[in-house]
Amino acid sequence: MVKRLFSLIFIAILLVSFTGCSCLNNSDELKKQQVESTINNYFVAMKSHDIDKISKYVSKGIKKLYTETKSQSVDTVEDCKAVSIDLDNMEINDSKIKVIVNYKMTFSEDYIPVGSREIGENDIKEEFTLKEKGGSYVITDMKSPYF
Amino acid sequence: MKKSIKKLLCVIMSTLMLTLSSSIAFAEETEDINISKNIDKAKEKIEEFISTNMKKYDSSSKFKVSYKGIIKEDNSFYDYARKLAILTNNRYKSFDTLKVEKIKYNIEYGDIKYENGNYIINASVYEEKKYAGQEEPGFLCTEHTFTVEEDSGGFYIKNDVTDDFVDEYLQNSAEKYGVTIDDMIEYDKTCIKVEKSEKAKLANSAVVEDDLGTASPNSTVKKYKFSYDNMYKYAAKYNKASPKKKSNRNPNYANYDKLGGDCTNYVSQILKAGGAPLDNTGANQWYYYSDSNRSTSWTSVNNLFKYLKNNESIGPQGYKIKSDEVYIASKGDIIQLKFKGEKQYSHSLWIIRHQTSTTSCTRIACHSSDRWDEPLDNIPCCARRWIKLTGYGKKVS
């Protein structure tokens, strides 16, 4: 009787831990999907020069930056697409996620260069920081991984 | 009877064992105490050596250095250390800007080993020097590995391997090219002459108004020296990391933090604060009126470099310093960085202060990830481009 009871308890523990693991995996997978979706949608919005659309995928701070300066850097984006999003090595810290993104951004002839960006196609590598907001993620920072 | 003999033998054996082990322990303890005392004596000798070394910064004609009693005179290191001090002193007494008013230093000891009769002692030496005319002192940290030997009851420095720029250069050159310290002393005398004449030229071109003759016949363009104080005040006012900041960014300019980087925008603003007028005429231009009405040179790393290099008229002017002449750089100049895997330079920094001998003491300020008064070495990069500012052209009626 006692043996049976112990076996049952053991099986129950195993079940609970397996379910827990799979939940965790599912939750990580979900996070990866959400992060990927936010970044790709942000790129599509940048290409459309639509500040309202862009605002859905960025924090208030970045929105303010784009709207207050009415930056021509946004208006001159001809194309913008992800080359790779390093989801396997993303850093998860509480509600913050950091991920390295390689993307291509093409600027029109009207673009006035900033930093190392030039007119035409640019290969850009940046570290994106995303924060959870209302069940999805918004971009709160984008910076060179070197400095 | 037999039993009592056995007992007695046991007692004797135990006593013997105890005596033996306690005497071994005593000998070990004595040895430990001796080593510890010797380490203290070795450290005293290091402190004496460093204290003597500090004399090399004496820019007066009284300079004299003697390592007698610190290094054995028959050791080749005696001659090397003495000449190294002379080499440094030649530099310090040749330039007014290197006049040291106050000096403080501190020694922090690291690992200590005892090998083949020598004490190998690692130490970091922190120097704080206040140069004449400088508001704040400059810092320098060098890592040392001292070899101290004990001979006839006395302790002597046998060798000192450091990461000091000059020392490393000499050690490598001696190994690779057979360059001796005497060659280096002679070579540096020539370098000092060249540097002096370069600095004099720069000072003259900056202070004396120089008609560049590139403007219209009715007007002239004169060259002026940048005001470092105004540059510094502005740089400190608009930098998140600065203790004197008024605001993170100047609201009169767009912020390019998330749009390619604000570093060159920040450097351009500093140049303007230093006195440089906007330049919106000719082939080379440098100006900012609004985000959509600005020159490429205002915000682009490479275009600012091209502009400074080519501009000979109104606006800021400069040139790229050769990689082996970084000593020409000074506070107020610019450094641009290229990172691993990048095709072109992508970051601009402004120099708050600069020390010829070590980049770890060159302090910089920058946007977008704001840094203030940070050692240049904190930003690991692939290549550095040093830009010397020679002044700025300004139209006078």
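Structural data are supplied above this passage.
Residues numbered from 1 in each chain as written. Chains lettered and ligands numbered in written order. Predicted model: local features only at pLDDT ≥ 70, side-chain atom pairs only at ≥ 80, totals over all residues. Heavy atoms only, no water.

(A) Seen up close, the pattern of salt bridges. All names here are of chain B. Enumeration over the complete set of coordinates arrives at 26 salt bridges over all chains. A salt bridge links Lys189 to Glu186, with the shortest nitrogen-to-oxygen separation between them at 3.4 Å. Taken together, the positions of Lys189 and Glu186, both in helix H4 (residues 181–207) and three residues apart, correspond to about one turn of that helix. With relative accessibility at 41%, the residue Lys189 sits in the partly exposed group. Through salt bridges with shared partners, one network takes in Asp79, Arg82, Lys83 and Asp182. (Salt bridge = Lys/Arg side-chain N within 4 Å of Asp/Glu carboxyl O. Helix = DSSP H or I, 4+ residues; strand = E, 2+ residues; numbered from the N terminus. Buried < 20%, exposed > 50% of the residue type's maximum accessible area, 1.4 Å probe, protein only.)

(B) A look at the pairing of strand S4 (residues 120–133) of chain A. All names here are of chain A. Judged from the 12 bridges that link them, strand S3 (residues 96–107) and S4 form a sheet pairing that is antiparallel. Bridged to Asn102 within S4 is Lys125. With seven bridges connecting them, S4 and strand S5 (residues 136–143) associate as antiparallel partners. Bridging across to S5, Phe128 finds its partner in Met142. Counting the residues in the hairpin turn of S4 and S5 gives two residues, including Gly134, whose phi is positive at 55 degrees. (Pairing = 2+ DSSP bridges.)

(C) Layout of helix H2 (residues 76–94) of chain B. All names here are of chain B. Here H2 is 19 residues long and its end C-alpha atoms lie 28 Å apart, about the 27 Å a rise of 1.5 Å per residue gives. Among the 19 residues that make up H2, 14 are buried, leaving the element largely enclosed by the rest of the structure. The N-capping residue of H2, defined by a side-chain oxygen 2.9 Å from the backbone nitrogen of Phe77, is Asn75. (Expected span 1.5 Å × (residues − 1). Polar contact = N/O pair within 3.5 Å; in protein donor to acceptor, adjacent residues only side chain to side chain.)

(D) Layout of the nonpolar core. Ranked by internal contacts, the top residues of the largest apolar core, which has 64 residues, are Tyr42, Tyr66 and Phe128 of chain A together with Leu271 and Trp350 of chain B. If we skip the residues at most four places from it in the chain, Tyr42 of chain A touches Ile54, Tyr57, Val58, Tyr66, Phe128, Ile139 and Met142 of chain A. By size, the runner-up hydrophobic cluster in this structure holds 37 residues, among which are Ile46, Tyr78, Ala123 and Phe146 of chain B. (Core = buried A, V, L, I, M, F, W, Y, C linked by side-chain atoms within 4.5 Å. Contact = heavy atoms within 4.5 Å.)

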